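# Chains, contacts and geometry: an overview
As a plain string of letters, each chain reads:
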Amino acid sequence: MEMEKEMEKDIEMTNGIDMGLPDSEDAIFAAEAESHMDLLEFVEPSVKESGTQRLLTQSRRIKNKYDLETHMYNVSSMRRIAIIYQPFSWAPLEVSKDMLHQLMTLTNAMRDVWDVVLSFRAQNTEVEEAFSPCSWNRHRAKREISYIFKYPERKAIGKEKVAWVIRQIGLYHQYSLQSEKSTWMLIFPNHQSYSLDRVAEIMDPDKHPLEPHISFQSTHIQSWRWFMADLEKEFHGLAMDILNVEIEESLDFEAMYYQLSRLRYIETRL
């Protein structure tokens, strides 16, 4: 019994939030009374359902850390996915710091997961927006990976204007080599990004354990193509406007005209 308590204490210290994370009232976590996450699980059929060969899918909304602990101790699943949402980009996560801490403790997740969580705070500079942490841990009994995946998305601004915005998804994946069980944590930028049904489809247990990583990225790869095409179109329009400006020797931007003309010439050769 004392040994078990010592092990729990070690896990608590390993995953504890004593690394300068903001308090729950700051702009990352929800208040305890409003905290929740969704658990999506693929479980073995019960005795009554023994005729069913496929794993059964079940989902449940967890509203406090005690409910989370009880559920995870009592329910065994081949794939367990904890799903956390933001109401909208840069809003606080819909989970409290204590509940997220409890999830990381129960799964014995690596500390690097908190780098992913911190990426969902409000971003103030372009460098912060571009930063994408990625960590990999190789243990004797398990493998772990956590990272931020960014993708462009078109967003309506007003009644007629549409602009590109950069969204991000936080992923953590733990795979047990012995039991072949997977534990996931997914953080989505809004409720419209991925429904529970869509996540269940991606996480189908008949697929290879690493296939969901490919599915998430392949879903958005075309968006990057159209995003870059729109940027190129905008650049071409700007370049043509500059090329068609009547330049006089007395104007100060003659040097600028030469540089942009040269840039345009090189761009047409690419």
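Here is what the cut-offs are and how they apply
Residues numbered from 1 in each chain as written. Predicted model: local features only at pLDDT ≥ 70, side-chain atom pairs only at ≥ 80, totals over all residues. Heavy atoms only, no water. Buried < 20%, exposed > 50% of the residue type's maximum accessible area, 1.4 Å probe, protein only. Helix = DSSP H or I, 4+ residues; strand = E, 2+ residues; numbered from the N terminus. Arc of directions from axis to C-beta. Contact = heavy atoms within 4.5 Å. Polar contact = N/O pair within 3.5 Å; in protein donor to acceptor, adjacent residues only side chain to side chain. pLDDT = per-residue confidence, 0-100. Phe/Tyr/Trp six-rings, centres within 6.5 Å; stacked < 30°, edge-to-face > 60°. Lys NZ or Arg CZ within 6 Å of the ring centre and 35° of its normal.

Under the annotation held in an unreviewed UniProt entry, the protein carries the name CorA-like transporter domain-containing protein and is attributed to Dactylonectria macrodidyma.

It helps to recall that an α-helix has 3.6 residues per turn; residues three or four apart then point in one direction. When we look at burial in helix H2 (residues 65-74), the residues that qualify are Asp67, Leu68, His71 and Met72. Down the axis of H2, the buried side of the element spans an arc of 120°, and every buried residue falls inside it. Within H2, the exposed residues directed more than 90 degrees away from the buried face are Tyr66, Tyr73 and Asn74. Packing partners of the buried residues in H2 comprise strand E1 (37-43), strand E2 (56-62), strand E3 (79-85) and helix H3 (97-107). Here H2 starts with a cap whose side-chain oxygen sits 3.1 Å from the backbone nitrogen of Tyr66, and that cap is Asn64.

Attention now goes to H3. Along H3, nine of the 11 residues are buried, which leaves the element largely enclosed by surrounding structure. Turning to H3, its buried residues are Lys97, Met99, Leu100, His101, Gln102, Leu103, Met104, Thr105 and Thr107. Downstream of H3 by a residue or two, Asn108 has a phi angle that is positive, lying close to 55°.

For the protein, per-residue confidence averages 80 on the pLDDT scale, and residues scoring 70 or more make up 72% of the total. The element-level mean pLDDT for the protein is lowest in helix H1 (residues 2-15), coming to 46, with strand E7 (residues 182-188) highest at 97. For the stretch residues 1-20, pLDDT sits under 50, and the model shows 21 contacts to residues farther than four places along the chain or on other chains.

With the rule as written, the count across this model stands at seven aromatic pairs. When the centroid spacing of 6.2 Å and the interplanar angle of 25° are considered together, the rings of Phe149 and Tyr151 count as stacked. Accessibility expressed as a relative area gives 1% for Tyr151, which makes it buried. When the ring of Trp164 is compared with that of Phe227, the centres are 5.6 Å apart and the planes differ by 75°; the resulting orientation is edge-to-face. With a gap of 63 residues between them, Trp164 in strand E6 (residues 161-176) and Phe227 in helix H7 (residues 211-243) connect regions that are remote in the sequence. Members of the aromatic cluster, each reached through a chain of ring pairs, are Tyr85, Phe188, Tyr194 and Phe216. Against the face of Trp226 rests Arg225, its NZ or CZ located 4.9 Å from the ring centre.

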